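Listed below, chain by chain, are the residues.
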Amino acid sequence: MKKSVLAIALAVLMAVSLLTVGAMAEGTALPNADANGVITLTEDVTLSDVKKFTEDTILDLAGHTLTLPRIDAENGASVVIRDSSSSKTGRITSASSVAAAVRANSSMTLESGTIECTYTDAKNNGIAIFNMGTFTMSGGTVKGVTGIYNTAWNGATEVKGKIVCNIEGGTVDAGIWGVCVMGRGIKNGDLST
């Protein structure tokens, strides 16, 4: 009888511990957008691939962490990132060299929450926002070796269109460079151009 009670107690304890582990697990996909195009995190999410937004989207971190290689706004999309939680602990974090990229003719707005790049190397790389379109920061925090890198070049490719950076509020927490601006420069050393 004692052995049966002990066996049942151990079985219940194991079941409860498995439920606890399941509850602490994080998601591997973003939830679907609601009718207004808002994606609201309901748990921490880890993605293995770059998340490319090609349509207008609002991403509400809701106090959770989105871990991924990079988040992109591209093909004319407008991406708004906010954290509706009272604690404002929501974050997008990346261990890649760039946490968020804003492609030409696209926009990204950070209203609240944090976008952070934890990557660093011997050359002091690690960019939170790589902006080739329009980046607006009205609140929240960007964090990396470089906070916001505005550039007219994507590698060897010249970016077409305007590159705009609006900082209306929030915090840039940079290890070395807060906000960088790189123009087109002199092509092929030809001063006449």
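Whatever comes next refers back to the structure up there.
Scope of this entry: the structure provided in the associated data block. The residue numbering used here restarts from 1 in each chain and proceeds along that chain's sequence as written. Residues qualify for local features only when their pLDDT is at least 70, as the model is predicted, and side-chain atom pairs are given and counted only at 80 or more; totals for whole chains, interfaces and linings, by contrast, use all residues. Each side-chain value is worked out from all heavy atoms of the structure, with water and hydrogens disregarded.

## Structural notes on the pairing of strand 8 (residues 91–94)
Two faces make up the sheet, and in a regular strand the side chains alternate between them.
Phase 1 of the analysis: When DSSP locates at least two bridges between a pair of strands, those strands are taken to pair. For helices the rule is a DSSP run of H or I covering at least 4 residues; for strands it is a run of E covering at least 2, with both sets numbered from the N terminus onward. Pairing analysis gives 3 bridges linking strand 5 (residues 65–67) to strand 8, with the strands arranged parallel. Across the sheet, the residue bridging to Leu-66 is Ile-92, located in strand 8.
Phase 2 of the analysis: In this structure, strand 8 lies alongside strand 11 (residues 114–117), joined through 4 bridges in parallel fashion. Paired with Ile-92 across the two strands is Ile-115, which belongs to strand 11.

## So, the environment of Arg-70
Phase 1 of the analysis: As for its placement among the helices and strands, Arg-70 is situated in the loop between strand 5 and strand 6 (71–73).
Phase 2 of the analysis: As a C-alpha pair, Arg-70 and Ser-94 span 24 residues in sequence and 6.3 Å in three-dimensional space.
Phase 3 of the analysis: Any two residues whose heavy atoms approach within 4.5 Å at even a single point are treated as in contact. Contacts of Arg-70, omitting those with residues within four sequence positions, involve Val-50, Lys-51, Ser-94, Val-98, Ala-99, Ala-100, Ala-101 and Arg-103.

## Concerning unusual backbone geometry
Phase 1 of the analysis: With phi around 50°, Ala-62 is a residue other than glycine that occupies positive phi space.
Phase 2 of the analysis: Turning to its location among the elements, Ala-62 is positioned in the loop between strand 4 (57–60) and strand 5.
Phase 3 of the analysis: Of note in the backbone geometry, Lys-88 takes a positive phi value of approximately 55° without being a glycine.
Phase 4 of the analysis: Along the polypeptide, Lys-88 turns up in the loop between strand 7 (78–82) and strand 8.

## Points about the pairing of strand 11
Phase 1 of the analysis: Along strand 11, one buried face is formed by Thr-114 and Glu-116 and the opposite face, lined by Ile-115 and Cys-117, is buried too.
Phase 2 of the analysis: Relative to strand 14 (residues 141–151), strand 11 is paired through 3 bridges, and the arrangement is parallel. Residue Ile-115 lies in a different strand from strand 14, and its bridge partner there is Val-142. For each residue, the accessible area found with a 1.4 Å probe, counting protein chains only, is set against the maximum for its type, and the residue is called buried under 20%, exposed over 50%, and partly exposed in between.

## Looking at the pattern of salt bridges
Think of it this way: side chains of opposite charge can pair up when their charged atoms draw near.
Phase 1 of the analysis: By convention in these notes, a salt bridge is any Lys or Arg side-chain nitrogen within 4 Å of a carboxyl oxygen on Asp or Glu. Applying the stated rule across the entire model yields 4 salt bridges.
Phase 2 of the analysis: Counted as one network, the salt bridges with shared partners bring together Arg-70, Asp-72 and Arg-103.

## Details of the side chain of Thr-114
Phase 1 of the analysis: Among the secondary structure elements, Thr-114 is positioned in strand 11.
Phase 2 of the analysis: Residue class for Thr-114 comes out buried when judged on its relative accessible area of 9%.
Phase 3 of the analysis: Not counting residues up to four positions away in its chain, the partners in contact with Thr-114 are Gly-90, Arg-91, Ile-92 and Thr-141.

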